Amino acid sequence: MVTAKVWVLKKHFEGFPKPSDFDLKKIELPSLQNGELLLESVFLSVDPYMRPYSQRDMKEGDIMIGTQVARIVESKNPAFAVGAFVVANSGWRSHFISDGKGLHLLPSSWPESLPKSLALGTVGMPGLTAYFGLFEVCKMKPGETVLVNAAAGAVGSVVGQLAKIGGCKVVGCAGSDDKVAYLKKLGFDEAFNYKTVTSLDEALSKASPDGYDCFFDNVGGEFSSVAINHMKKHGRIAVCGAISQYNDSVPQKGPYVQIPMIFKELRMEGFIVTRWNNRREEGQKALLKWVLEGKVKFHEQVTEGFENMPAAFIGMLRGENLGKAIVKV
Ligand SMILES: NC(=O)C1=CN([C@@H]2O[C@H](COP(=O)(O)OP(=O)(O)OC[C@H]3O[C@@H](n4cnc5c(N)ncnc54)[C@H](OP(=O)(O)O)[C@@H]3O)[C@@H](O)[C@H]2O)C=CC1
Ligand SMILES: CCCCCCCCC/C=C/C=O
C-alpha cells in the first residue's frame with residue numbers, strides 16, 4: 001500500500017494566496033488494476049495559471065491542479081515500463097495512479113546532461129508558449145524589435161532568446177537588478193527594471209526610440225497600457241498573460257485600447273498554448289535542439305521538498321524566481 005501526499009485548496013484565494021489557503025493531506029492508494037501504473041512525482045511545476053484557474057475551475061477541497069515529471073514505479077500497462085519518466089497533469093500529488101491516458105513519455109533519448117525538470121520549463125509548456133506565441137501570434141520577422149515583460153521568467157526568458165535567434169532586436173524588463181543582469185547575459189539588447197525606472201514611458205522610449213513591432217505581454221495592467229502607445233504601425237501584441245491582475249479582488253480600470261489600436265492599426269491576440277497541442281512534438285524538438293546547441297540557455301529556481309509547494313507557488317507570484325520555478329520532491 002502506498003500513501004500519497006497531496007496539496008488541497010482549502011480556501012479559495014482572496015487577493016494574494018496565503019499558506020493557510022492550502023492543506024497537506026494523505027491518501028492511501030489502492031492496488032493496481034490491469035492497465036494501470038503507479039507513479040511518483042520527481043519534479044512539480046508551479047505556474048501563474050494556477051491562480052486564475054483555481055478561481056474558475058476548482059472548488060474548496062479539490063487537489064491543486066498542476067503538472068509534474070514523474071517516474072513509473074509499478075506498471076500493469078504494457079505501454080509504460082517501470083523506470084521510465086513521463087510528464088503528467090496530475091496535480092500537486094507525490095504519488096498517483098494512472099491508466100496512461102494523457103501521459104507524455106520523455107523520449108528515451110533525453111540527454112543525460114539535461115535535467116528532466118526542463119520538460120516542465122524551457123522544453124515544456126512555458127517554452128512552447130514562447131515558441132507558438134512568437135512564431136504564430138506575433139509572427140515576428142528578422143530585423144523587427146520585440147518587447148517582452150516578466151522577461152526573466154519561464155516564458156519570457158525563452159521569448160527573448162527565440163527572438164534573438166530569429167534576428168530581432170529584443171527589449172526585456174523584469175523586477176530586480178539581478179534579473180536585468182541575467183537578461184543581458186542571455187543576449188537581450190536592452191533590459192530594465194520596471195520597479196525602479198522613474199518613468200516606464202521614458203524607459204520604453206529609450207530602449208527603442210522607433211517603437212516596437214511585437215509585444216509579448218506576460219503582465220497586463222498598467223505596463224500594457226503604457227506599452228501599447230509605443231507600438232509601431234501594424235504592430236502585433238501577443239496577449240499571453242496578465243499576472244499583474246491575477247490577485248486583484250477588484251478589477252483594475254485602465255486606459256482603453258481602441259485609440260492606439262485604430263490609429264496604429266495594431267493586431268492584438270490572446271492565446272492559450274494548448275491551441276497547438278497537435279504541434280507539441282515539433283515545438284519540443286526545436287526547443288531541445290536549441291538548448292543542446294547552447295542557443296537557448298535556462299535557469300531553474302528549484303525549491304526542495306513537496307511540503308514546500310505552497311511556498312514555491314507564492315514565491316513565484318511574488319517574483320522570487322529567476323527562470324522556471326520548480327519543486328524537487
Ligand atoms: N497563454 C498561455 O498559454 C500561457 C500564459 N502564461 C502566462 O505567462 C506569464 C508568465 O508565466 P511564467 O513564465 O510561467 O511565469 P514567470 O516564471 O515569469 O513567473 C512569474 C513572474 O511574473 C512577474 N510578476 C509577478 N507579479 C507581477 C506584477 N504585478 N507585475 C509585473 N510582473 C509580475 C515576476 O517577475 P518580475 O520579478 O519580473 O516581476 C514573476 O517572477 C504569466 O502571466 C502566465 O499566466 C504562461 C504559460 C502559458
Ligand atoms: C492541469 C494542467 C494544465 C496544463 C495546461 C496548462 C495551460 C496553461 C495555460 C496558461 C494560461 C495562463 O497562464
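- The name recorded for the protein chain in an unreviewed UniProt entry is Prostaglandin reductase 1, from Anas zonorhyncha.
- Comment text from UniProt for the protein chain, heading Sequence similarities (unreviewed entry), reads "Belongs to the NADP-dependent oxidoreductase L4BD family."
- The UniProt entry for the protein chain carries this comment under Subunit (unreviewed entry): "Monomer or homodimer."

## Some remarks on the overall build of the protein chain
Item 1. Of regular secondary structure, the protein chain possesses 9 helices and 15 strands.
Item 2. Taking 2.2 N^0.38 as the reference for a compact globule, 329 residues should give roughly 20 Å; the C-alpha atoms of the protein chain span a radius of gyration of 20 Å, in line with that estimate.
Item 3. Seen along its three principal axes, the alpha-carbon backbone of the protein chain occupies a region of about 65 × 45 × 35 Å.
Item 4. Of all 329 residues assigned to the protein chain, the portion counted as buried reaches 50%.
Item 5. As displayed, the protein chain has an accessible area near 15500 Å², and 53% of this comes from carbon and sulfur atoms.
Item 6. Taking the average place of the 39 positive charges on the side chains of the protein chain and the average place of its 35 negative ones, the gap between the two points comes to 2 Å.

## What about the environment of Leu-200?
Item 1. Within the secondary structure, Leu-200 is located in helix α5 (residues 200-207).
Item 2. Leave out the neighbours within four places in its chain, and Leu-200 touches Phe-192, Phe-223 and Val-226.

## Let's talk about the nonpolar core
Item 1. Counting residues in each nonpolar core, the largest one holds 50 residues, and the members touching the most others are Leu-134, Leu-162 and Phe-216.
Item 2. Listed by contribution, the elements that provide at least two residues to this core are α2 (125-138), β8 (145-148), α3 (154-165), β9 (169-174), α4 (177-186), β11 (212-217) and α8 (280-292).
Item 3. When residues in this core are grouped by element, the largest group, 7 residues, is from α2.
Item 4. Here this core gathers at least three residues from each of two domains, domain 1 (2-118 + 298-328) and domain 2 (125-274).
Item 5. Discounting chain neighbours no more than four positions away, the residues touching Leu-162 are Ala-130, Tyr-131, Leu-134, Phe-135, Met-140, Leu-287, Trp-290 and Val-296.
Item 6. Listed in part, the 19 residues of the second largest apolar core include Leu-9, Phe-13, Phe-22 and Leu-317.

## Overview of the site of ligand 2
Item 1. Neighbouring residues of ligand 2: Tyr-49, Tyr-53, Gly-66, Thr-67, Asn-89, Tyr-246 and Ile-272.
Item 2. Summarising the interface, the protein chains cover 77% of the accessible area of ligand 2, which totals 420 Å² for the free molecule.
Item 3. When the residues that make up the shell around ligand 2 are grouped by side-chain class, the tally is 4 nonpolar, 3 polar and no charged.

## A word on the site of ligand 1
Item 1. Close to ligand 1 lie 27 residues, the nearest being Lys-179, Tyr-194, Tyr-246, Val-273 and Asn-321.
Item 2. At 2.8 Å from an oxygen atom of ligand 1 is found a main-chain nitrogen or oxygen belonging to Asn-218.
Item 3. Relative to its free-state accessible area of 910 Å², ligand 1 is covered by the protein chains to the extent of 90%.
Item 4. Contributing elements (two or more residues each) for the shell around ligand 1: α2, α3 and α9 (309-318).
Item 5. Of the residues assigned to the shell around ligand 1, the class counts are 17 nonpolar, 9 polar and 1 charged.

## Topic: the pattern of salt bridges
Item 1. Considering all chains together, one arrives at 20 salt bridges under this definition.
Item 2. When the shortest N-O distance is used, the salt bridge between Glu-293 and Lys-289 registers 3.0 Å.
Item 3. Take Glu-293: its relative accessible area is 39%, and that puts it in the partly exposed class.
Item 4. Where salt bridges share partners, they join Glu-136, Lys-139, Arg-279 and Glu-282 into one cluster.

## Comments concerning the side chain of Arg-51
Item 1. With respect to the helices, strands and loops of the structure, Arg-51 is situated in helix α1 (residues 50-57).
Item 2. Despite its burial, Arg-51 remains without a salt bridge, the nearest opposite charge being carried by Asp-21 at 7.6 Å.
Item 3. There is a polar contact of 2.7 Å between the side chain of Arg-51 and the side chain of Asn-247.
Item 4. The residues touching Arg-51, leaving out its near neighbours within four places in the chain, are Phe-13, Gly-15, Pro-17, Tyr-246, Asn-247 and Phe-313.

## Here's the deal with the sheet that holds β8
Sheet strands line up and pair through hydrogen bonds in the backbone, either parallel or antiparallel.
Item 1. Spatially, β10-β9-β8-β11-β12-β13 is the arrangement adopted by the 6 strands of the open sheet, whose pairing is parallel. Each edge of the open sheet is held by one strand with a lone partner, namely β10 (190-193) and β13 (267-270). Within this sheet the neighbouring strands show an average axis-to-axis angle of 15°, counted without direction.
Item 2. The strands touched by α3 are β8, β9 and β11; relative to β9, the strand with the most contacts, the crossing angle is about 165°.

## Some remarks on the packing of α2 against α8
Item 1. Packing of α2 against α8 brings their axes to within 10 Å, and their N-to-C directions diverge by 105°. By the angle between their directions, the pair α2 and α8 is classed as roughly perpendicular. For the pair α2 and α8, the contacting residues are Gly-127, Leu-128, Tyr-131, Phe-132 and Phe-135 in the first and Arg-280, Glu-282, Gly-283, Gln-284, Ala-286, Leu-287 and Trp-290 in the second.
Item 2. Among the residues forming the contact of α2 with α8, the class breakdown is 7 nonpolar, 3 polar and 2 charged.

## Here's the deal with the UniProt feature "domain: Enoyl reductase (ER)" (unreviewed entry) in the protein chain
Item 1. The feature "domain: Enoyl reductase (ER)" (unreviewed entry), as annotated in UniProt, sits at residues 15-327 in this numbering.
Item 2. Helix makes up 28% of residues 15-327 and strand 25%, with an end-to-end C-alpha separation of 23 Å.

Thresholds applied
- Residues numbered from 1 in each chain as written.
- Chains lettered and ligands numbered in written order.
- Predicted model: local features only at pLDDT ≥ 70, side-chain atom pairs only at ≥ 80, totals over all residues.
- Heavy atoms only, no water.
- UniProt positions renumbered as here; feature names shortened; annotations may be inferred.
- Helix = DSSP H or I, 4+ residues; strand = E, 2+ residues; numbered from the N terminus.
- Rg over C-alpha atoms; globule rule 2.2 N^0.38 Å.
- Buried < 20%, exposed > 50% of the residue type's maximum accessible area, 1.4 Å probe, protein only.
- Areas by Shrake-Rupley, 256 points an atom, 1.4 Å probe, with all protein chains shown as cover.
- Lys, Arg positive; Asp, Glu negative; His and termini not counted.
- Charge placed at Lys NZ, Arg CZ, Asp CG, Glu CD.
- Contact = heavy atoms within 4.5 Å.
- Core = buried A, V, L, I, M, F, W, Y, C linked by side-chain atoms within 4.5 Å.
- Domains from an automatic or database assignment.
- Near = heavy atom within 4 Å.
- Nonpolar A, V, L, I, M, F, W, Y, C, P; charged D, E, K, R; others polar.
- Polar contact = N/O pair within 3.5 Å; in protein donor to acceptor, adjacent residues only side chain to side chain.
- Salt bridge = Lys/Arg side-chain N within 4 Å of Asp/Glu carboxyl O.
- Pairing = 2+ DSSP bridges.
- Axes fitted to C-alpha atoms, helices over the stretch in contact; angles between N-to-C directions.
- Parallel < 35°, antiparallel > 145°, perpendicular 65-115°, else oblique.

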